[in-house]
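Analysis of the macromolecular model
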Amino acid sequence: MKGQTEVVTFVLLGGVVVSLVGAAYMWGAPLTEKRSSLAEAESIKAFFYALNSKIKQIAQTCTGSCTETIELSQKGVYSAFNDAQFYLDQAEWFEFNNSVVLNTSAARNIYALDRWIGLNTGNVGYSANFGEQEGVLKVRMSKNPAGNYEAVYQLWYREVDTPNRGFRIDLEVGPVQSATSGKISITFDGRYVVAGGAANGKDLEISMVKINFI
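Residues numbered from 1 in each chain as written. Predicted model: local features only at pLDDT ≥ 70, side-chain atom pairs only at ≥ 80, totals over all residues. Heavy atoms only, no water.

The helix and strand tally for the protein stands at one helix and 12 strands. Going from the N terminus to the C terminus, the protein shows its helices and strands as α-β-β-β-β-β-β-β-β-β-β-β-β. For the protein, buried positions account for 36% of its 214 residues. Of the roughly 12000 Å² that the protein leaves accessible, carbon and sulfur atoms contribute 56%. (Helix = DSSP H or I, 4+ residues; strand = E, 2+ residues; numbered from the N terminus. Buried < 20%, exposed > 50% of the residue type's maximum accessible area, 1.4 Å probe, protein only. Areas by Shrake-Rupley, 256 points an atom, 1.4 Å probe, with all protein chains shown as cover.)

On to the state of the cysteines. Note: disulfide means a covalent bond formed between the sulfur atoms of two cysteine side chains. Under the definition given, this model contains one disulfide. The disulfide bridge from Cys 62 ends at Cys 66, spanning 2.1 Å between sulfur atoms. On the S-S bond that ties Cys 62 to Cys 66, the torsion sits near 90 degrees, and the link is right-handed. Residue classification places Cys 62 among the buried residues on the basis of a relative accessible area of 2%. Overall, the relative accessible area of 25% leaves Cys 66 in the partly exposed class. (Disulfide = S-S within 2.5 Å.)

Attention shifts here to the pattern of salt bridges. Applying the stated criterion across every chain, the model contains nine salt bridges. One salt-bridge network, in which partners are shared between bridges, spans Asp 83, Arg 168 and Asp 170. (Salt bridge = Lys/Arg side-chain N within 4 Å of Asp/Glu carboxyl O.)

With that settled, the discussion passes to empty space enclosed by the protein. For the structure shown, the criterion picks out one cavity of 30 Å³ or more. Reported here for the largest cavity is a volume of approximately 70 Å³. What lines the largest cavity is Ser 37, Glu 40, Ala 41, Ile 44, Thr 104, Ser 105, Ala 106, Ile 110, Met 141, Ala 151 and Tyr 153. At the level of secondary structure, the elements contributing two or more residues to the lining of the largest cavity comprise α1 (2-61), β3 (99-106) and β7 (149-157). When residues in the lining of the largest cavity are grouped by element, the largest group, four residues, is from α1. Considered class by class, the residues forming the lining of the largest cavity number seven nonpolar, three polar and one charged. (1 Å grid on protein atoms, 1.4 Å probe; cavity = no way out; pocket = protein on both sides within 12 Å on 5 of 7 lines; lining within 4 Å. Points joined across faces, edges and corners; volume = space filled by probe spheres on them. Nonpolar A, V, L, I, M, F, W, Y, C, P; charged D, E, K, R; others polar.)

Counted under the stated rule, the structure contains six aromatic pairs. Residues Phe 47 and Tyr 78 carry aromatic rings whose centres are separated by 5.5 Å and whose planes lie at 65 degrees to one another, so their mutual orientation is edge-to-face. Here Tyr 78 lies in strand β2 (residues 77-81) and Phe 47 lies in helix α1, a separation of 31 residues in the sequence. Of the residues examined, Tyr 78 reaches a relative accessible area of 0% and is grouped as buried. Note on Phe 96 and Trp 116: the rings are 6.1 Å apart at their centroids and 85 degrees apart in plane angle, and the pair reads as edge-to-face. Taken as a pair, Phe 96 in the loop between β2 and β3 and Trp 116 in the loop between β3 and β4 (117-118) lie far apart in primary sequence, 20 residues in all. Over the ring of Trp 116 we find Lys 138; its NZ or CZ atom is 4.9 Å from the centre of that ring. (Phe/Tyr/Trp six-rings, centres within 6.5 Å; stacked < 30°, edge-to-face > 60°. Lys NZ or Arg CZ within 6 Å of the ring centre and 35° of its normal.)

Where empty space is left in the structure can be found by rolling a water-sized probe over the atoms. Put simply, the second largest pocket is a space of about 210 Å³. As for the second largest pocket, its lining consists of 14 residues, and the residues nearest its centre are Gln 60, Phe 130, Glu 134, Val 160 and Phe 167. Where the lining of the second largest pocket is concerned, the elements lending two or more residues are α1, β9 (165-173) and β12 (203-213).

Read from one edge to the other, the open sheet built from six strands follows the order β1-β11-β12-β9-β8-β5, with strand pairing classed as mixed. Pairing within the sheet leaves two strands with one partner each, and these edge strands are β1 (67-71) and β5 (127-129). Mean inter-strand twist for the sheet, computed between neighbouring axes without regard to direction, equals 25 degrees. Pairing of β9 with β12, which is carried by nine bridges, proceeds in the parallel orientation. Bridge pairing in β12 places Asp 170 opposite Met 208. (Pairing = 2+ DSSP bridges. Axes fitted to C-alpha atoms, helices over the stretch in contact; angles between N-to-C directions.)

See the structure below:
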């Protein structure tokens, strides 16, 4: 009887341990995935902050031939869109005009789904006052029919105005418009002024920056 009791006790204890391990995995796995997704999101933001900094520096300070490169270290598909990019050859503006975009996946949603969220500013209007972000970093997360999470990060350049003048960076796309690895090349391509072209009716200074994947 004593031997049987020990066997039954061992079996019961084993069942409890298995149940506890299962419960820990059930609750711990989503938390681990969430932390992993948060770490990936922070890494992606750091990449776009660095990209934005290089684009603005070239646009604002270059007076000749200037080129910078950044490694594409984050997983996903990178794309660049001209300022005058049209959608399906129709006369309507594409939402990714004048932007560098990353399409990627995530294990868990860390942002509200199905809406654009500003990551470096709360003001994501078409134009803004000088001193606000010229390069607006946004993200939109969604859940596909298979139940997986997808994220679109967009670094978009808009006009910023002083009382006397407007400024905008216009992106131009190089021969390679999309990539999953390699480097992104940023090249200054000139500067010009459009008389009365700013949103406030003043002159608009445009700096052209070419984006290419190499």
